[in-house]
Amino acid sequence: MNFELTKTQQLFRQMIREFAEKEVKPLAAEVDEQERFPMETVAKMARLGIFGIPIPKAYGGAGGDNIMYSIAVEELSRVCATTGVIVSAHTSLCAAPILDHGTEEQKQKYLPKLASGEWLGAFGLTEPNAGTDASAQQTMAVEEGDHYVLNGNKIFITNAGYAHVYVIFAMTDKSMGTKGISAFIVEEGMPGFSVGKKESKMGIRGSATCELIFENCIVPKENLLGKIGGGFGIAMKTLDGGRIGIASQALGIAQGAMDETVKYTKERKQFGKSLSQFQNMQFQMADLQTKVEAARLLVRSASFKKDSGIPYSADAAMAKLFAAETAMEVTTKAVQFHGGYGYTREYPVERMMRDAKITEIYEGTSEVQRMVIAAKLFK
Amino acid sequence: MNIVVCIKQVPDTTEIKINPVTGTLIRDGVPSIMNPDDKGGLELALELKDKWGAHVTVITMGPPQADLILREALAMGADRAILLTDRKFAGADTLATSHALAGALKCLDYDLIVAGRQAIDGDTAQVGPQMAEHLGLPQVSYVAGFEMKDGKYIVKKETEEGYQMLEVEAPALVTVLASAYKPRYMNVSGIVDAYGKEVEIWGADKIDVQENQLGLKGSPTRVNKAFTKGLKTAGEVFEVDPEEAVGIIISRLKEKFII
């Protein structure tokens, strides 16, 4: 048993923390305020190899592990949750399923460009009538000659419009239920594929969240990902990994709010002493820090199990559930401890509170995480 | 082209506190970092590598923990790393340090030696120039720009008045300003590989130096007293309109013979 990061992981954390502080933090408020996708940050991250952390070197990645990837999302989200989710959706939801389920040709074609950040990745499962009930897919894929024809709509797709590669789920046989769902690799520019309305959101406002439209979209047969009818399994397995990413994002938001609140309560004086000298403040902050550290251990443990090839589905669900709820609690209290200033955009905690909310919703709501955990408990 | 960059691990002085009683630095819990001017020097070397395909060696003298900054340098793109470590080096002042480093440099091939201007823990700016003297090399300190032309180095040296442009024959030694070279971040792939690479450990027996020039024996410097710098008195504040302010500033500068 060893709770310490390896030397490599520590060196990585040193780099990503410095990068986040110097390159990402200064843009966070502006990106949020203007709902602007931080393209310049994406280019900088691409040059450093941040889009290919857990991708093997053979496919152009850095050959790192999932703990490093989790640290990256945590440290980026600590200063800007928008930047964190761009990396998370790209890595966990697009590159990972291609690495895990792709043919050698697909891996050779897509992974090097995803790892280098030349292409961004995205994932399309959610539909207007298929949210938590992801099995109710209405997007259809019909085999015609050497290609599939896709028709339908996906919504709330992270990185949409900026991504080049999309892992898309569609029904290939409606009579088979979840066993009739298949996964496809769809590229920007394929005929009949377009990006629709961009959502205006409460938080993570710099990240692009859009509708995807498939109108007789022609997808070559070689872009089927995994086996025909194997899509639902791929989606669920992908989301297990994705939850480590979102748990890391939530953890980062919570830590960022703690950092800001420690700083503020030491400086802010009322009744002749700083807020941090009031025992009520100390006790509440101690409780919050304990929860943040517990969330961190859950996130690290799930990442460690994934790296070790140990089943981690329930661990990832617990990590995401606890980290997301911790992020919401910490950020809400952080605003409270900042008082009136916390409610203004002069201070970053109100942004962090708005950003935290989504971590309880996307890549499986907190209720879905409880379903996953309970299913393992009562199997 | 072979470049050797001399780097030093220093306490991050932005986070350091001073014991008010003893006047000494409290080093506990203070993170150790690569000295900023040295990191600027490494960036210069890596830029030359990007442009001309140079081979970059980093070398540091320090305790075994200094391994960390060599790994960082490897992750940034250095090709070879050497850690000079030996009990015989302990207690070295700038002169003994420069003798040890020069002794190691004599065992290496180089066209250019790069050092930082000064370290943030000692601020002496002596080790780089001393090494050049020991090695009989031309040297340029306070370097803010560097180019190569017809096998010669065109070096921009910062002075208090402005800049000097100097032409220097290779091999030479330069000491670099952090402000002139924004260091690159470590690359993720480089980080993954950094601990798989070799850091060569060199002791006193491995380098070309006389033993009495090393460590405490080779160090003529004695620290007489360490103390915390007193605070300056508060400045004067004049709340006047700009024209009157200009008059006040000029008269004060004249009083102090600054203008």
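Residues numbered from 1 in each chain as written. Chains lettered and ligands numbered in written order. Predicted model: local features only at pLDDT ≥ 70, side-chain atom pairs only at ≥ 80, totals over all residues. Heavy atoms only, no water.

Caption draft 1: Summary view of the overall build of chain B. A tally of helices and strands in chain B yields six helices and 13 strands. For chain B, the C-alpha atoms occupy an extent of roughly 65 × 50 × 40 Å along the three principal directions. A burial count over chain B gives 42% of its 259 residues as buried. Of the charged side chains in chain B, 28 are positive and 37 negative, and the gap between their average positions amounts to 4 Å. (Helix = DSSP H or I, 4+ residues; strand = E, 2+ residues; numbered from the N terminus. Buried < 20%, exposed > 50% of the residue type's maximum accessible area, 1.4 Å probe, protein only. Lys, Arg positive; Asp, Glu negative; His and termini not counted. Charge placed at Lys NZ, Arg CZ, Asp CG, Glu CD.)

Caption draft 2: Representation of the overall build of chain A in the model. Along the backbone of chain A there are ten helices and ten strands. Here chain A has a C-alpha radius of gyration of 21 Å; the compact-globule value for 379 residues is 21 Å, and the two agree. For chain A, the C-alpha atoms occupy an extent of roughly 80 × 45 × 40 Å along the three principal directions. Scored against the burial criterion, the 379 residues of chain A give a buried share of 56%. A fraction of 73% describes how many contacts in chain A between residues 6 or more apart in sequence connect residues 24 or more apart. Of the roughly 15,800 Å² that chain A leaves accessible, carbon and sulfur atoms contribute 56%. Placing the 43 positive and 44 negative side-chain charges of chain A at their respective mean positions leaves the two points 6 Å apart. (Rg over C-alpha atoms; globule rule 2.2 N^0.38 Å. Contact = heavy atoms within 4.5 Å. Areas by Shrake-Rupley, 256 points an atom, 1.4 Å probe, with all protein chains shown as cover.)

Caption draft 3: Fine view of the environment of Ala28 of chain A. Residue and element names in this part refer to chain A. Within the secondary structure, Ala28 is located in helix α1 (residues 7–33). Using a relative accessible area of 3% as the deciding quantity, one classes Ala28 as buried. If sequence neighbours within four positions are ignored, Ala28 has contacts with Val79, Cys80 and Arg351.

Caption draft 4: Just the interface of chain A and chain B, in detail. Counting from both sides, the interface comprises 20 residues of chain A and, opposite them, 16 residues of chain B. Summed over both partners, the interface of chain A with chain B comes to about 1,500 Å²; 66% of that surface belongs to carbon and sulfur atoms. Seen at the junction of chain A and chain B, the total is two salt bridges. For Lys182 of chain B, the salt bridge goes to Glu23 of chain A, with nearest N and O atoms at 3.2 Å. (Buried area = accessible area lost by both parts, 1.4 Å probe. Salt bridge = Lys/Arg side-chain N within 4 Å of Asp/Glu carboxyl O.)

Caption draft 5: Fine view of the side chain of Ser141 of chain B. Residue and element names in this part refer to chain B. Tracing the backbone shows Ser141 in strand β9 (residues 139–149). Among the residues examined, Ser141 registers a relative accessible area of 16% and is labelled buried. Polar contacts involving the side chain of Ser141 include one to the side chain of Lys157, which spans 3.0 Å. Setting aside residues up to four positions removed in sequence, Ser141 forms contacts with Lys157 and Thr175. (Polar contact = N/O pair within 3.5 Å; in protein donor to acceptor, adjacent residues only side chain to side chain.)

Caption draft 6: Fine view of the pattern of salt bridges. All names here are of chain A. Scanning the entire structure with this criterion turns up 45 salt bridges over all chains. A salt bridge links Lys333 to Glu329; its shortest N-O distance comes to 3.3 Å. Taken together, the residues Lys333 and Glu329, both in helix α8 (residues 313–342) and four residues apart, mark about one turn of the helix. Residue classification places Glu329 among the partly exposed residues on the basis of a relative accessible area of 25%. One network of salt bridges, in which partners are shared, links Asp32, Glu33, Arg205, Arg345, Glu350 and Arg354.

Caption draft 7: Focus on the packing of aromatic side chains. Taken as a whole, this structure holds ten aromatic pairs over all chains when the rule is applied. When the ring of Tyr166 of chain A is compared with that of Phe193 of chain A, the centres are 5.0 Å apart and the planes differ by 80 degrees; the resulting orientation is edge-to-face. Residue Tyr166 of chain A is located in strand β4 (residues 165–171), and its partner Phe193 of chain A is located in strand β6 (residues 193–198); the two are separated by 27 residues in the primary sequence. According to the relative accessible area criterion, Tyr166 of chain A is buried, its value standing at 1%. Ring centres 5.0 Å apart and planes at 45 degrees place the aromatic pair Phe146 of chain B and Tyr153 of chain B in the tilted group. Judged by relative accessible area, which is 9%, Phe146 of chain B ranks as buried. Overall, Tyr153 of chain B belongs to the buried group, its relative accessible area being 3%. An aromatic cluster of at least three residues, connected via ring pairs, comprises Tyr166, Phe193 and Phe214 of chain A. The cationic tip of Lys273 of chain A hangs over the ring face of Phe278 of chain A; the distance from NZ or CZ to the ring centre is 4.7 Å. (Phe/Tyr/Trp six-rings, centres within 6.5 Å; stacked < 30°, edge-to-face > 60°. Lys NZ or Arg CZ within 6 Å of the ring centre and 35° of its normal.)

Caption draft 8: Representation of the packing of helix α6 (residues 231–267) of chain A against helix α9 (residues 349–359) of chain A within the structure. Residue and element names in this part refer to chain A. Where α6 contacts α9, the axes come no closer than 10 Å and their chain directions differ by 160 degrees. As judged from the angle between their axes, α6 and α9 are roughly antiparallel. The crossing of α6 and α9 is left-handed. Here α6 contributes Ile246, Gln249, Ala250, Ile253, Gly256, Ala257, Glu260 and Thr261 to the contact with α9, which in turn contributes Val349, Met352, Asp355, Ala356 and Thr359. Within the contact of α6 with α9, the residues separate by chemical class into seven nonpolar, four polar and two charged. (Axes fitted to C-alpha atoms, helices over the stretch in contact; angles between N-to-C directions. Parallel < 35°, antiparallel > 145°, perpendicular 65-115°, else oblique. Left-handed = near helix turned anticlockwise from the far one by under 90°. Nonpolar A, V, L, I, M, F, W, Y, C, P; charged D, E, K, R; others polar.)

Caption draft 9: Representation of the sheet that holds strand β10 (residues 152–158) of chain B within the structure. All names here are of chain B. As summarised here, the arrangement of the nine strands in space is β11-β10-β9-β12-β8-β1-β6-β7-β13, forming an open sheet in which the pairing is mixed. The sheet is open, and its two borders are formed by β11 (163–169) and β13 (199–202), each paired with just one other strand. Adjacent strand axes in the sheet meet at a mean angle of 30 degrees when their direction is disregarded. Where β10 and β11 come together, seven bridges link them in antiparallel fashion. (Pairing = 2+ DSSP bridges.)

Caption draft 10: Region of interest: helix α4 (residues 81–101) of chain A. Residue and element names in this part refer to chain A. Here α4 contains 21 residues, and its C-alpha end-to-end distance of 29 Å stays within 8% of the 30 Å for a straight helix at 1.5 Å per residue. Along α4, the largest kink reaches about 35 degrees and is centred on Ala95; proline Pro97 follows within four residues of it. Most of α4 is tucked away, with 18 of its 21 residues classed as buried. (Expected span 1.5 Å × (residues − 1). Bend = angle between axes of the 7 residues up to and from the residue.)

Caption draft 11: Quick look at a nonpolar patch on the surface. All names here are of chain B. Together, Val246, Ile250, Ile258 and Ile259 make up a nonpolar patch on the protein surface, roughly 380 Å² of accessible area in all. Examined against the element boundaries, Ile259 turns out to sit in the segment after α6 (242–255). For Ile259, a relative accessible area of 57% translates into the label exposed. (Patch = residues over 30% accessible without salt bridge, like charges linked within 9 Å, V, L, I, M, F, W, Y side chains within 5 Å.)

Read these as layout, nothing more, since geometry by itself doesn't imply function.
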